[in-house]
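Observations on chain architecture
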Amino acid sequence: MKADTHPDYHMIKVQMTDGTVFETRSTWGKEGDTLALEIDPTSHPAWTGGTRVMSEGGRVARFNQRFGGLKLKK
């Protein structure tokens, strides 16, 4: 392997949105720096199962409003 081709891999601290801190190895920052996250698995709806805030009236909602009462004849 060539020397000086890879970035420095060192220990940093990662601070979650709830205040918890853990140490990991990374190429981000310098040795001992703290990376403060704005979004993480403890707060983001994609991981917590929360609902998204969406306005009603999308294409499917408008279709169902217009044609929802129609029934197919058999």
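Right above here is the structure, for reference.
Presented here is an overview of the structure given in this document. Not measured: the values here are computed from a predicted model. Counting from 1, residues in each chain are numbered in the order their sequence is written. Local features are withheld for residues below a pLDDT of 70 in this predicted model, meaning they are given only at 70 or higher, and side-chain atom pairs are given and counted only at 80 or more; totals for whole chains, interfaces and linings count all residues. The side-chain quantities take in all heavy atoms of the structure and omit both hydrogens and water.

Some thoughts on the overall build of the protein chain
What counts as a helix is a DSSP run of H or I of at least four residues, what counts as a strand is a run of E of at least two, and both are numbered from the N terminus. Check the secondary structure of the protein chain and you find 2 helices and 3 strands. Sequence-ordered secondary structure for the protein chain, helices as α and strands as β, is β-β-β-α-α. When a residue's accessible area, from a 1.4 Å probe over protein chains only, is under 20% of the maximum for its type it is buried; when over 50% it is exposed; and in between it is partly exposed. In the protein chain, which comprises 74 residues, the proportion classed as buried is 8%. For the area figures, the Shrake-Rupley method with a 1.4 Å probe applies, and any residue is considered shielded solely by the protein chains shown. Here the protein chain has roughly 7100 Å² of accessible surface; of this, 54% comes from carbon and sulfur atoms.

Focus: the sheet that holds strand β1 (residues 10–15)
DSSP-based pairing: two strands are paired if at least 2 bridges between them are found. One open sheet accounts for 3 strands, arranged β2-β1-β3; its pairing is mixed. Looking at the sheet topology across the chains shown, the edges are occupied by β2 (21–26) and β3 (34–36). Looking at each pair of strands side by side, their axes are set apart by 35 degrees on average, direction ignored. Pairing of β1 with β2 involves 6 bridges; the strand directions are antiparallel. Bridge pairing in β2 links I12 to T24. To obtain each axis, a line is fitted to C-alpha atoms, and for helices this fit is confined to the stretch in contact; angles are then taken between N-to-C directions over 0 to 180 degrees.

Looking at the side chain of H10
Structurally, the position occupied by H10 is in strand β1. Under the relative-accessibility criterion, H10 is labelled buried at 3%. Nitrogen and oxygen atoms within 3.5 Å of one another constitute a polar contact, given that in protein one can donate a hydrogen and the other can accept it, and given that sequence-neighbouring residues count only through two side-chain atoms. One polar contact links the side chain of H10 to the main-chain carbonyl oxygen of W28, over a distance of 3.0 Å. Looking at H10, its side chain comes within polar contact range of the main-chain oxygen of G29, at 3.1 Å. Those residues within four positions of H10 in sequence are excluded, and the remaining contacts are T24, R25, S26, T27, W28, G29, K30 and E31. Note on definitions: a residue-residue contact is assigned when non-hydrogen atoms from the two residues lie within 4.5 Å.

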